[in-house]
Amino acid sequence: EIQKYISASSDASRVYCVVKPGSEDEVRALVNFANDSGLALYSPIIGGILPKKSGVMVDLSCLDEGLEIDDHNLHATVPPAITFEQLRTELDKVDCRAFFPASTPTESVLLTYLEREILFASGRYTNKQLMIIHAILADGRLYKGGSHALPNATVSHREDGGPNLSKLLYQSKNSFGIPIRAV
């Protein structure tokens, strides 16, 4: 299974295994293990990775708990493994819609939005499909953006107050943190 994540011109022996965490705690434990062991954490990319250091491939396809639709405030909370088909099914139940991609290399809603793929109707509306991002940082801490960064936050408001650090996670291929959910 490892070879499908590696570039054809690269040596797959540097990637020891593929790990598919199923919860935030498992992602945090994986990050802490990698730090303690000196291993790199790699994320799947189109065309495969070129591993320079020994490490582990992190596939987020099992991180699917926590899909929530808020039809009153017109937003959804999505973990990385939720696909556009799953989102559409849940949105149809409450007669809501979302921007879907014109074309995307991944089925993941969260990863498509993080990579800023071209979405239908994106020319008519601003490109702010993600308001809040939660990610596990390289040191194992949980990063919460937007209004969730505030202690005791009970609502989801747009973007970060002050410097918008969530934008560092856009198009980063998980270099700055592993996304675990977004609103």
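Our subject is the structure that appears above.
Predicted model only: the values in this text are computed from it and were never measured.

Asks: Provide a residue-level description of the pattern of salt bridges, including the pertinent values.
Replies: Should the charged atoms of two oppositely charged side chains come close, the side chains can pair. Tallying each qualifying case throughout the model produces seven salt bridges. Arg 28 is the salt-bridge partner of Glu 24, the closest N and O atoms lying 3.2 Å from each other. On the criterion of helical spacing, the pair formed by Glu 24 and Arg 28 is a turn pair, its members being four residues apart in helix α1 (residues 24-37). Its relative accessible area of 22% is what places Arg 28 among the partly exposed residues. Note that Glu 24 is salt-bridged to Arg 181, the shortest N-O span being 3.2 Å.

Asks: Help me get a handle on the packing of aromatic side chains, residues and values and all.
Replies: What the rule picks out here adds up to two aromatic pairs. The interplanar angle of 55 degrees and the centroid separation of 5.3 Å between the aromatic rings of Phe 84 and Phe 100 together place this pair among those described as tilted. Of this pair, Phe 84 sits in helix α2 (residues 84-93) while Phe 100 sits in the loop between α2 and α3 (109-114), and the two are 16 residues apart along the sequence. Judged by centre distance (6.2 Å) and plane angle (65 degrees), the rings of Phe 84 and Tyr 113 are edge-to-face. With Phe 84 in helix α2 and Tyr 113 in helix α3, the pair connects residues that are 29 residues apart, well separated along the chain. Classification of Tyr 113 as buried rests on a relative accessible area of 10%. Among the aromatic residues, ring-to-ring pairing joins Phe 84, Phe 100 and Tyr 113 into one connected group. Just above the ring of Phe 100 sits the side chain of Arg 88; from NZ or CZ to the centre is 4.3 Å.

Asks: Describe the state of the cysteines, and please don't skip the residues or the numbers.
Replies: With the rule as written, the count across this model stands at zero disulfides. You can see Cys 17 has no disulfide; the closest cysteine sulfur is in Cys 62, sitting 14 Å from it. With relative accessibility at 30%, the residue Cys 17 sits in the partly exposed group. For Cys 62, a relative accessible area of 34% gives the class partly exposed.

Asks: Tell me about the environment of Lys 20, residues and numbers included.
Replies: Relative to the helices and strands, Lys 20 resides in the loop between β1 (15-19) and α1. A sequence separation of 41 residues divides Lys 20 from Ser 61, and the C-alpha atoms of the two residues are 6.7 Å apart. With residues up to four places along the chain from it excluded, the contact list for Lys 20 reads Glu 1, Tyr 5, Glu 26, Asp 59, Ser 61 and Cys 62.

Asks: Account for the pairing of strand β8 (residues 177-182), with residues named and values stated.
Replies: The buried fraction of β8 is high, at five of six residues. Judged from the five bridges that link them, strand β6 (residues 133-137) and β8 form a sheet pairing that is antiparallel. When the bridges of β8 are listed, His 134 appears paired with Arg 181.

What counts as what
- Residues numbered from 1 in each chain as written.
- Predicted model: local features only at pLDDT ≥ 70, side-chain atom pairs only at ≥ 80, totals over all residues.
- Heavy atoms only, no water.
- Salt bridge = Lys/Arg side-chain N within 4 Å of Asp/Glu carboxyl O.
- Helix = DSSP H or I, 4+ residues; strand = E, 2+ residues; numbered from the N terminus.
- Buried < 20%, exposed > 50% of the residue type's maximum accessible area, 1.4 Å probe, protein only.
- Phe/Tyr/Trp six-rings, centres within 6.5 Å; stacked < 30°, edge-to-face > 60°.
- Lys NZ or Arg CZ within 6 Å of the ring centre and 35° of its normal.
- Disulfide = S-S within 2.5 Å.
- Contact = heavy atoms within 4.5 Å.
- Pairing = 2+ DSSP bridges.

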